[in-house]
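# Commentary on secondary and tertiary structure
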Protein chains: 2
Amino acid sequence: MPGGRPRSFDADAALDRALEVFWRQGYEGTSLSDLTAAMRINRPSLYATFGNKEELFGKALARYADGPAAHAGEALEASTGREVVERLIRGAVELTTGDDTPHGCLAVNSVHACGPDSTPVRHKAVAHRKAAEVALRRRLEQATDLPPGYQPDTLARLVHTITDGIAVQAVSGRGRDELRHVADLALRALFG
Amino acid sequence: MPGGRPRSFDADAALDRALEVFWRQGYEGTSLSDLTAAMRINRPSLYATFGNKEELFGKALARYADGPAAHAGEALEASTGREVVERLIRGAVELTTGDDTPHGCLAVNSVHACGPDSTPVRHKAVAHRKAAEVALRRRLEQATDLPPGYQPDTLARLVHTITDGIAVQAVSGRGRDELRHVADLALRALFG
DNA sequence: TCGATTTTATACCTTCCGGTACAAAACTAG
DNA sequence: CTAGTTTTGTACCGGAAGGTATAAAATCGA
């Protein structure tokens, strides 16, 4: 029964391009014209396929978590608490200072989306971050190798504070090598 | 010789209100209507007194550094490296989680101002942050109480990474008490 | 009181925003 | 080939953005 003109573009590839633009320019800083130009589709196709700008962003954020930022989830599978933390911090440096990707972190950038209309986007980003923090805390509660006196919930928040800071440094122009040294020092301070 | 109708508002007070709005809503998220409403002046008065939106932001950022964020400069006067770092980190928590001020840090928020027209604003914020980092590095080079192996430049960057992360956590909804515990743990990790 | 000068208030300008109506094009089923 | 369906391209909509022209209002020196 369904005939219809076939879609002339790859929706997944288009979503990847949208992700790239949102990551580089932020939600508010990205106009529909920016999106359609990057995705190589026209406006009605975007709306028919992805809903609207806000829904498109939501899908881009989900893709970000499963793709470029997948290390954050995988890090929790490491066998020791220390290695979990190390993978998160070192992974943040690599993620936010890539040569072929925008600098900074989409989730951190999106928390700073301002203006009345971007409130739902900010909430999405906050929810995503909160979920990551809960998962890390749960994982650290299982760890037996934390230095004495380190509480899992506070350590989880400190680790995310450091990875958030790394993202800010990366958008501020700090290079990968410099941030690797920062990560080295942070890990040394945390675990000796 | 100069006659002329007298100005009917306090320019400093108006600038403080503009700072408040930029801090809470970001550069791009703040419209001229938001500004004139908050400052209780009309549009031509804003342009005659402060130039344009971008110049107004520059003056608000300078006021931020001398006012709410003055602790960052004063911290460098502490007598030991450790106390310098402690004042910076604890000061960041208090600054970014104030009851009567917006949460987060204006300089960190502004680094995330996106879109083509806000490039100069981002550059202003980056320059401001870079100057602060140089000053901290210089100060830590004078310190004699750093733990062995801590290089002043890397430590300065790590400290700013942590304060940046605190600002991100604050805009993400983390409360003052929680961030105080994070600061405690960070300082304990850094200095034992 | 009378110009000269500066600020006020209103109303407007251009441009771009996110979002959509509509018709031509490209396909499948019969 | 036709009927039905979906996507494509273009052109447009209302609204809000940053910024400004203009004239009334309020002060000064003379």
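Residues numbered from 1 in each chain as written. Chains lettered and ligands numbered in written order. Predicted model: local features only at pLDDT ≥ 70, side-chain atom pairs only at ≥ 80, totals over all residues. Heavy atoms only, no water.

If you check an unreviewed UniProt entry, chain A appears there as TetR family transcriptional regulator from Actinophytocola xanthii.

## Considerations on the interface of chain A and chain B
The partner chain B presents 40 residues to the 40 residues of chain A that form the contact. For the pair chain A and chain B, the two sides together bury roughly 3400 Å², of which 64% comes from carbon and sulfur. Here Glu 178 of chain B and Arg 157 of chain A are joined by a salt bridge, their closest N and O atoms 3.4 Å apart. In this assembly, chain A and chain B are joined by twelve residue pairs in polar contact (both at pLDDT 80 or more). Counting residues per element, the ones that place at least two in the side of chain A that touches chain B are α7 (106-111), α8 (119-142), α9 (152-171) and α10 (176-191) of chain A. Each residue belonging to the side of chain A that touches chain B can be placed in one class, and the counts come to 18 nonpolar, 14 polar and eight charged. (Contact = heavy atoms within 4.5 Å. Buried area = accessible area lost by both parts, 1.4 Å probe. Salt bridge = Lys/Arg side-chain N within 4 Å of Asp/Glu carboxyl O. Polar contact = N/O pair within 3.5 Å; in protein donor to acceptor, adjacent residues only side chain to side chain. Helix = DSSP H or I, 4+ residues; strand = E, 2+ residues; numbered from the N terminus. Nonpolar A, V, L, I, M, F, W, Y, C, P; charged D, E, K, R; others polar.)

## Details of the UniProt feature "DNA-binding region" (unreviewed entry) in chain A
Under the UniProt annotation, "DNA-binding region" (unreviewed entry) lies at residues 31-50 of chain A. As a span, residues 31-50 of chain A carries 80% helix and 0% strand, and end to end its C-alpha atoms are 15 Å apart. (UniProt positions renumbered as here; feature names shortened; annotations may be inferred.)

## Quick word on the nonpolar core
Core analysis: the largest hydrophobic core is formed by 61 residues, its most contacted members being Met 39, Leu 56 and Tyr 64 of chain A together with Leu 35, Met 39, Leu 56 and Tyr 64 of chain B. Ranked by the residues each element gives to this core, the list is headed by helix α1 (residues 11-25) of chain B, at eight residues. Once residues lying within four places of it in the same chain are set aside, the contact partners of Tyr 64 of chain B are Leu 19, Trp 23, Ala 69, Ala 70, Leu 95, Cys 105, Leu 106 and Ala 107 of chain B. Core analysis: the next-biggest nonpolar cluster, separate from the first, contains 58 residues, Leu 140 of chain A together with Ala 143, Leu 146 and Ala 156 of chain B among them. (Core = buried A, V, L, I, M, F, W, Y, C linked by side-chain atoms within 4.5 Å. Buried < 20%, exposed > 50% of the residue type's maximum accessible area, 1.4 Å probe, protein only.)

## Brief notes about the domain arrangement of chain A
Residue and element names in this part refer to chain A. The domain architecture assigned to chain A consists of domain 1 (11-64) and domain 2 (69-191). The C-alpha centroid of domain 2 is placed 25 Å from the C-alpha centroid of domain 1. The partner domain 2 presents 23 residues to the 13 residues of domain 1 that form the contact. Together, the buried faces of domain 1 and domain 2 total about 1500 Å²; carbon and sulfur atoms form 68% of this surface. In terms of surface lost to domain 2, no three residues of domain 1 exceed Trp 23, Leu 61 and Tyr 64, which account for 48% of the buried area on that side. (Domains from an automatic or database assignment.)

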